[in-house]
Amino acid sequence: MRLARVTGQVVATQKDPKLEGIRLLLVEPVDENGRAAGRTMVAIDAVQAREGDLVYVVSAREASFAFAGRQVPSDCAIVGKVDAVSA
Amino acid sequence: MELARVVGTVVATRKEPRLRGFKILLTQLASPEGSADGAAVVALDSVGAGVGELVLLVRGSSARLACELENFPVDAVILGIVDRVTAGGRTLFVKGQDDAAG
């Protein structure tokens, strides 16, 4: 998983039925200091994240398990809202 | 997933039999504003996307979860057509209101 900042929202009416009812958010990967560190992606949101939130996202096939009991066709999912990072 | 712009179609007469009947599109990864500025990706279309549209692209083994593509030899699938992208109260992209749309 990696740290990311929620930067926006994507709306798509015509989409795979398995994505129905799931929020799609723009996330920008960031480093441990909160600095942008990669290409912006679109993530499914499992934690009611909001714009500006620092989150962690799971990538690849594991992202499809973000919602218990179903598999969603996604390779990026927000599964944690970060309260604090210490190092 | 990633945002991508559909930039063309790919035709292959000889292909894996399970891919017959599916539309294969050439896409280019795009910014939240919708400008194609990334790598080219060949993707199977599961939503009826057309050239010029901004789409949602899923890659890797998750791509096979789209529609009924279980065990298909694909690692990139278009699974949504983007209507709107917003950020911080600003609208970055609206379908049909950008230059690249067909």
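Everything numeric in this text was worked out from a predicted model, so none of it was measured.

Parameters at a glance
- Residues numbered from 1 in each chain as written.
- Chains lettered and ligands numbered in written order.
- Predicted model: local features only at pLDDT ≥ 70, side-chain atom pairs only at ≥ 80, totals over all residues.
- Helix = DSSP H or I, 4+ residues; strand = E, 2+ residues; numbered from the N terminus.
- Buried ≥ 20, exposed ≤ 12 C-beta atoms within 10 Å, placed from the backbone.
- Contact = placed C-beta atoms within 7 Å.
- Pairing = 2+ DSSP bridges.

Draft legend 1. Region of interest: the environment of proline 32 of chain B. Assignment of secondary structure puts proline 32 of chain B in the loop between β2 (23–30) and β3 (36–45). We classify proline 32 of chain B as buried; it has 21 C-beta atoms within 10 Å. Between the C-alpha atoms of proline 32 of chain B and valine 94 of chain B, which are 62 residues apart in sequence, the distance is 11 Å. With sequence-adjacent residues up to four places away left out, proline 32 of chain B is seen in contact with Gly8, Leu26 and Thr40 of chain A together with Leu3, Val85, Ala87, Leu92 and Phe93 of chain B.

Draft legend 2. Main features of the environment of glutamine 14 of chain A. The topology assignment puts glutamine 14 of chain A in strand β2 (residues 14–15). Accessibility expressed as a C-beta count within 10 Å gives 16 for glutamine 14 of chain A, which makes it partly exposed. The spacing of glutamine 14 of chain A and alanine 66 of chain A is 52 residues in sequence and 22 Å in space, taken between C-alpha atoms. If near-sequence neighbours (up to four positions away) are discounted, glutamine 14 of chain A is found in contact with Val47, Gly80 and Ile81 of chain B.

Draft legend 3. Seen up close, the pairing of strand β6 (residues 76–81) of chain A. All names here are of chain A. Two elements, strand β4 (residues 41–45) and β6, share 2 bridges in a ladder whose sense is parallel. What sits directly across from aspartate 45, in β6, is isoleucine 78. As paired strands, strand β5 (residues 54–59) and β6 are joined by 5 bridges and run antiparallel to one another. Residue pairing across strands places tyrosine 56 opposite glycine 80, the latter belonging to β6.

Draft legend 4. Structural detail: unusual backbone geometry. Even without glycine at this site, alanine 60 of chain A takes up a positive phi of about 65 degrees. By the element assignment, alanine 60 of chain A lies in the loop between β5 and β6. In this structure, asparagine 71 of chain B takes a positive phi of about 70 degrees despite not being glycine. By the secondary structure assignment, asparagine 71 of chain B is in the loop between β4 (54–59) and β5 (76–81).

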